[in-house]
Protein chains: 2
Amino acid sequence: MNEAPGVLSIVGLGPGGPQWLTSEAQEALARASDLVGYAPYLERVERREGQRRHASDNRVEMERARLALELAARGRAVALVSGGDPGVFAMAAAVFEAVERGDRAWAGLDIRVLPGVSAMQAAAARLGAPLGHDFCAISLSDNLKPWAILERRLRAAAQADFVIALYNPASRARPAQIHQAFAILRALKSGDTPVAFARAVGRADERILVATLASADPAIADMSTLVLIGSSQTRFAPSGARERPWMYTPRSHGGEK
Amino acid sequence: MNEAPGVLSIVGLGPGGPQWLTSEAQEALARASDLVGYAPYLERVERREGQRRHASDNRVEMERARLALELAARGRAVALVSGGDPGVFAMAAAVFEAVERGDRAWAGLDIRVLPGVSAMQAAAARLGAPLGHDFCAISLSDNLKPWAILERRLRAAAQADFVIALYNPASRARPAQIHQAFAILRALKSGDTPVAFARAVGRADERILVATLASADPAIADMSTLVLIGSSQTRFAPSGARERPWMYTPRSHGGEK
């Protein structure tokens, strides 16, 4: 059954379990004739009779995007699944790159991006409200941009006093990168700044740790960890109901009412 | 029926219609004995027998947070509803501010933040993938921070070459603010930079407009508009299937593969 042929839906599964899936995403997954995605993400999607699955490795984003476009161009109803939000450091950008560089027919396809909860939002929800005020999101993935640009962005983020969300903090190719990032931020921000490491949020092996910028050990961040570094206003507030304090950033900037 | 007494869930409804609600949020809304929120957000929640509704004005975030905490402290199962993601420029930070300043018993409450799709993500999904690479989110709401801080953040965001999401671009109190923001960014960024105004995304009156930084008229932004300003890498790509081009930011930074 192919209710909506020739459609490519880029579907955000959210982080972790099924609790953060939107109803729009659920419907697109149910309607699809073909599911395309990185194997562990496909595993998170309920199996349905008659759907074809095309699992791929994590390293081949562009190949995966092209396969999804090819299938849609052949009249299939394709769901390309992505963890988190496909629009945030994920598959949607790869698809539009493929469209621009690829087969001209692809530019005429019906492509839909279905947003989802991104890792920083799930991490923030567990912690309290660290993203309650101005923030930035930076991917430390080193194969996609030169270190000089990353360094410039980290310095500017500190100067702007943004709350900073670091995605992909530990790369296999350059494990030192998260240490270099912390060194830059430590030179520019107070040692008291609240910091959090949120690993595998929403999964069975979820682990969340809070610290200060001075005391934090960046070595604990792996590829499943989202790192949050507070602004000058971000605070810990004691919680009587749980082990860790709340971490939040007030809506107003210090010195103001 | 009060399955989980003495709980405060801060629930993200997502922007626009019900399609972006998560299943976790749906369950919390169904279980609540009391719903608290800004009246138009409460209107978006399905009515259920026996649930009490406490609607308030938009201006009284702290009062609303305190009412929700008070009800939870009296053993009610409270859902405090928020548009978008309650953790992003929304109610969660107000709740933790109220907890820290208020009744000591509040610190012992079971408080849960339920993330949702935020306005910038819904806007990005409609546009293509403008948040595909490093970005920042800045609220122009002027009553919560001095203009000097906003100006510093806009300059740093331009220097960092972040994609920039502007929330609350047009304040009733200072309508000139979005014009000042554009003036700062125009002095620091290329006039060709893709810009988008995404109004009421997901609602019947949704309206999306793309332009360049040089040609854009910031006067069209109102309080329901999310403004996106690209990085140096953000591009338009022609779409054969719709009127507007796609707007996206490639995953890799220019000059790199």
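Scroll up to find the structure this text is about.
Residues numbered from 1 in each chain as written. Chains lettered and ligands numbered in written order. Predicted model: local features only at pLDDT ≥ 70, side-chain atom pairs only at ≥ 80, totals over all residues. Heavy atoms only, no water.

1. Examining the sheet that holds strand β5 (residues 110-114) of chain A
All names here are of chain A. Our working definition: We treat two strands as partners when DSSP finds at least two bridges between them. Helix numbering and strand numbering both begin at the N terminus, where a helix is a DSSP run of H or I of at least 4 residues and a strand a DSSP run of E of at least 2. Axes here refer to lines fitted to C-alpha atoms; in helices the fit is confined to the stretch in contact. Angles between the N-to-C directions go from 0 to 180 degrees. Every residue pair with non-hydrogen atoms within 4.5 Å of one another is taken to be in contact.
Pairing is parallel in the open sheet, where five strands are placed in the order β3-β2-β4-β1-β5. Looking along the sheet, the strands with just one partner apiece sit at the ends: β3 (52-56) and β5. Pairwise comparison of adjacent strand axes, ignoring direction, gives a mean angle of 15° for this sheet. With five bridges joining them, strand β2 (residues 34-38) and β3 adopt parallel strand pairing. The residue of β3 that forms the bridge with D34 is R52. Packed on one face of the sheet, helix α3 (residues 61-73) meets β1 (7-12), β2, β3, β4 (77-82) and β5 and runs near 175° to β2.

2. Description of α3(A)
Residue and element names in this part refer to chain A. Put simply, the test is: For a helix, the expected span equals 1.5 Å multiplied by the number of residues minus one. For every residue, the accessible area obtained with a 1.4 Å probe (protein chains only) is divided by the maximum for its type, and the residue is called buried under 20%, exposed over 50%, and partly exposed between those limits.
Taking 1.5 Å as the rise per residue, α3 with 13 residues should run 18 Å; its terminal C-alpha atoms sit 18 Å apart, in good agreement. Among all positions in α3, only M62, R64, A65, A68, L69, L71 and A72 are buried. In the core, the buried residues of α3 are packed alongside β1, β2, β3, β4, α4 (91-101) and β5. A positive backbone phi angle near 95° is found at G75, which sits one or two residues after α3.

3. What to know about the side chain of A:T225
All names here are of chain A. Note the following rule: Here a polar contact means two N or O atoms within 3.5 Å. Within protein one must be a hydrogen donor candidate and the other an acceptor candidate, and residues neighboring in sequence count only if both atoms are side-chain atoms.
Relative to the elements of secondary structure, T225 occurs in strand β11 (residues 225-229). Among the polar contacts made by the side chain of T225, one reaches the side chain of D222 at a distance of 2.8 Å. The residues touching T225, leaving out its near neighbours within four places in the chain, are L166, P169, F197, A198, R199 and I220.

4. Notes on the pattern of salt bridges
This is how it is decided: Salt-bridge detection follows one rule: a side-chain nitrogen of Lys or Arg within 4 Å of a carboxyl oxygen of Asp or Glu.
For the structure on display, the rule yields 30 salt bridges over all chains. A:R235 is the partner of B:E100 in a salt bridge, and the nearest nitrogen-oxygen pair spans 2.5 Å. In this pair, B:E100 sits in helix α4 (residues 91-101) while A:R235 sits in strand β12 (residues 235-237), so the two residues belong to two different chains. Looking at B:E100, the relative accessible area reads 30%, which means it is partly exposed. The class of A:R235 is partly exposed, set by a relative accessible area of 37%. One salt-bridge network, in which partners are shared between bridges, spans A:E61, A:E97, A:R101 and B:R251.

5. Observations regarding the side chain of A:T249
Following the sequence through the fold, A:T249 ends up in the segment after β13 (246-248). In contact with A:T249, other than residues within four places in its own chain, are A:A129, A:P130, A:G132, A:H133, A:V163, A:S231, A:Q233, A:T234 and B:A93.

6. Some remarks on the environment of B:T234
Residue and element names in this part refer to chain B. Mapped onto the elements, T234 comes out in the loop between β11 (225-229) and β12 (235-237). When the C-alpha positions of T234 and Q51 are compared, they lie 47 Å apart, and in sequence the two are 183 residues distant. Not counting residues up to four positions away in its chain, the partners in contact with T234 are V163, P194, M247, Y248 and T249.

7. A short note on the interface of chain A and chain B
One frequent convention defines the size of an interface as the accessible area lost when the parts assemble. Listed as interface residues are 73 residues of chain A and, on the opposing side, 74 residues of chain B. Counting across the chain A and chain B interface gives 10 salt bridges. With its nearest N and O atoms 2.7 Å apart, the salt bridge here joins A:E61 to B:R251. At the boundary of chain A with chain B, the tally comes to 39 residue pairs in polar contact (both at pLDDT 80 or more).

8. Looking at the packing of helix α6 (residues 147-160) of chain A against helix α7 (residues 177-188) of chain A
All names here are of chain A. What counts, and what does not: By convention the crossing between two helices is left-handed if the near helix lies anticlockwise of the far one by an angle smaller than a right angle, and right-handed if it lies clockwise. Polar here means any residue outside two lists: the nonpolar Ala, Val, Leu, Ile, Met, Phe, Trp, Tyr, Cys and Pro, and the charged Asp, Glu, Lys and Arg; Gly therefore counts as polar.
For the pair α6 and α7, the least separation of the axes is 10 Å and the interaxial angle reads 35°. Crossing angle aside, the handedness with which α6 passes α7 is right-handed. Of α7, the residues touching α6 (which contributes W147, L150, E151, L154, R155 and A158) are Q177, Q180, A181, I184, L185 and L188. Tallied by class, residues from the contact of α6 with α7 come to eight nonpolar, two polar and two charged.

9. Focus on the state of the cysteines
As used in these notes, a disulfide is a covalent bond between sulfur atoms, one from each of two cysteines. How we decide: Disulfides are defined in this document as cysteine sulfur pairs within 2.5 Å.
With the rule as written, the count across this model stands at zero disulfides over all chains. As a non-bridged cysteine, A:C136 has B:C136 as the owner of its nearest cysteine sulfur, 6.8 Å distant.

10. Description of the nonpolar core
To keep it simple, the criterion reads: Among the buried residues, those of types Ala, Val, Leu, Ile, Met, Phe, Trp, Tyr and Cys that are joined through side-chain atoms within 4.5 Å form a nonpolar core.
Residues A:I138, A:L166, A:F182, B:I138, B:L166 and B:F182 are the most contacted members of the largest nonpolar core, which totals 52 residues. Sorting elements by how many residues they give to this core places α6(A) first, with seven residues. Apart from residues no more than four positions distant in its own chain, A:F182 is found in contact with A:V195, A:F197, A:L213, A:A216, A:P218, A:V227 and A:I229.

11. Quick look at the relation of the copies chain A and chain B
Here is the rule: Fitting of the copies onto one another was done by least squares over C-alpha atoms, counting residues only where both copies have pLDDT of at least 70.
The transform that puts chain A on chain B rotates by 180° and translates by 0.0 Å along the axis, for an RMSD of 0.0 Å. On the angle and the small slide along the axis, the relation comes out as a two-fold axis. The overlap is high: 99% of the interface residues of chain A also sit at the interface in chain B, so the same surface is used on both sides.

12. With respect to the pairing of strand β8 (residues 163-167) of chain A
Residue and element names in this part refer to chain A. In terms of residue burial, β8 counts as a mostly covered element, since five of its five residues are buried. Side chains V163, A165 and Y167 project from β8 onto one buried face, and the interleaved I164 and L166 project onto a second face that is buried too. Summarising the sheet, strand β7 (residues 135-139) and β8 pair through five bridges and their orientation is parallel. Across the sheet, C136 pairs through a bridge with I164, a residue of β8. In this structure, β8 lies alongside β11, joined through three bridges in antiparallel fashion. Along β11, the bridge assignment pairs L166 with V227.

13. Details of unusual backbone geometry
All names here are of chain A. We note that N168 has phi near 45°; this positive angle belongs to a residue other than glycine. Along the chain, the position of N168 falls in the loop between β8 and α7. Assessed through its relative accessible area of 24%, N168 is described here as partly exposed.

14. Points about the sheet that holds strand β13 (residues 246-248) of chain B
Sheet strands pair by backbone hydrogen bonding; their relative direction is either parallel or antiparallel. All names here are of chain B. Spatially, three strands are ordered β6-β13-β12 in an open sheet, and the strand pairing comes out mixed. Of all the strands in the sheet, just β6 (128-129) and β12 have a single pairing partner and so form its edges. Inspection of the sheet shows β6 paired to β13 by two bridges, in the parallel sense. Of the residues in β13, the one forming a bridge with G128 is M247.

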